[in-house]
Amino acid sequence: MNGSCLCGAVTFKVTGKAGGFSVCHCGQCRKQSGHLWSSAHVADDGIEITGDVRWYQSSPEAKRGFCPTCGAFLFWKLASDPHISFSLGSVDGPTGARLKKHIFTADKGDYYDISDGLPQF
Ligand SMILES: [Zn+2]
Ligand SMILES: [Zn+2]
């Protein structure tokens, strides 16, 4: 999978095995993306990122990477985990992936329902 931000200044190439295909309903992802954030994770050495990513330290444990030009929310990174999450919405062309779960559904907004039958955590 290859991906890019809206303006194309940041690109990435996934070379490792991606997993954890999920939709996050947490308040931080909703604030940063405008709705939900769909992502997959890959080992730190399984992704090549080019361009100037701006990182926002959203908590002591986690930071969120975005393009400083167009604002696209591309990456999420937990300090203690040797994996990085990348947004599925930024993948160019078919992902070949299927979502597996919804996460942080206790924080979901009240303006939509989750009705696809996938597990919720
Ligand atoms: Zn951009
Ligand atoms: Zn989230």
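One can find the structure itself at the top, above this paragraph.
Residues numbered from 1 in each chain as written. Chains lettered and ligands numbered in written order. Predicted model: local features only at pLDDT ≥ 70, side-chain atom pairs only at ≥ 80, totals over all residues. Heavy atoms only, no water.

Draft legend 1. Seen up close, the overall build of the protein chain. Tallying secondary structure elements over the protein chain gives one helix and ten strands in all. When the helices and strands of the protein chain are listed from N to C terminus, the series reads β-β-β-α-β-β-β-β-β-β-β. The principal-axis extents of the C-alpha atoms in the protein chain amount to approximately 35 × 30 × 30 Å. Expressed as a percentage of the 121 residues in the protein chain, the buried residues total 38%. Restricting the contact set of the protein chain to residue pairs at least 6 apart, pairs at least 24 apart contribute 58%. When the accessible area of the protein chain is evaluated, it comes to approximately 6800 Å², of which 53% is carbon and sulfur surface. Here the protein chain carries 12 positive and 11 negative side-chain charges, and the mean point of each set is 2 Å from the other. (Helix = DSSP H or I, 4+ residues; strand = E, 2+ residues; numbered from the N terminus. Buried < 20%, exposed > 50% of the residue type's maximum accessible area, 1.4 Å probe, protein only. Contact = heavy atoms within 4.5 Å. Areas by Shrake-Rupley, 256 points an atom, 1.4 Å probe, with all protein chains shown as cover. Lys, Arg positive; Asp, Glu negative; His and termini not counted. Charge placed at Lys NZ, Arg CZ, Asp CG, Glu CD.)

Draft legend 2. A look at the packing of aromatic side chains. One pass over the full model with this rule turns up five aromatic pairs. A ring pair is formed by Phe12 and Phe75, whose centres lie 5.4 Å apart and whose planes are at 70°; its orientation type is edge-to-face. Placement of the pair is Phe12 in strand S2 (residues 11–14) and Phe75 in strand S8 (residues 73–78), with a sequence separation of 63 residues. Considered together, Phe12 and Phe75 belong to a single accessibility category, that of buried residues. Taking the centre distance of 5.4 Å and the plane angle of 50° together, the rings of Phe12 and Phe86 count as tilted. Within this pair, whereas Phe12 is found in strand S2, its partner Phe86 is found in strand S9 (residues 83–87), the two being separated by 74 residues in sequence. Phe86 carries the same exposure label as Phe12, and that label is buried. Lying across the ring of Trp55, Lys63 places its NZ or CZ 4.7 Å from the centre. (Phe/Tyr/Trp six-rings, centres within 6.5 Å; stacked < 30°, edge-to-face > 60°. Lys NZ or Arg CZ within 6 Å of the ring centre and 35° of its normal.)

Draft legend 3. View of the coordination of the zinc ion (ligand 2). Every protein donor of the zinc ion (ligand 2) is listed here as Cys24 (SG), Cys26 (SG) and Cys29 (SG), and their distances to the metal cover 2.1 to 2.3 Å. The sequence motif formed by the donor residues of the zinc ion (ligand 2) is C-x1-C-x2-C. Here the two residues Cys24 and Cys26 agree in accessibility, since each one is buried. (Donors = N, O, S within 2.8 Å, 3.2 Å for Na, K, Ca; no water.)

Draft legend 4. Structural detail: the coordination of the zinc ion (ligand 1). Coordination of the zinc ion (ligand 1) by the protein is provided by Cys5 (SG), Cys7 (SG), Cys67 (SG) and Cys70 (SG), with metal-donor distances spanning 2.3 Å. In this structure, the zinc ion (ligand 1) is surrounded by four donor atoms whose angles at the metal cover 107 to 117°, and the resulting shape is tetrahedral. In primary sequence terms, the donor set of the zinc ion (ligand 1) follows C-x1-C-x59-C-x2-C. Remark: Cys67 occurs in the loop between strand S7 (62–66) and S8 and Cys5 occurs in the loop between strand S1 (2–4) and S2; sequence separation between them is 62 residues. (Tetrahedral: all angles 85-135°; square planar, octahedral: opposite > 155°, others 65-115°.)

Draft legend 5. Structural detail: the sheet that holds strand S4 (residues 37–43). Spatial ordering of the open sheet is given by S6-S7-S8-S9-S4-S3-S10, a layout of seven strands whose pairing is mixed. Each edge of the open sheet carries a strand with a single partner, namely strand S6 (54–57) and strand S10 (101–103). The mean angle between the axes of side-by-side strands here comes to 30°, regardless of whether they run parallel or antiparallel. Bridge analysis of S7 against S8 gives five bridges, and the strand direction is antiparallel. (Pairing = 2+ DSSP bridges. Axes fitted to C-alpha atoms, helices over the stretch in contact; angles between N-to-C directions.)

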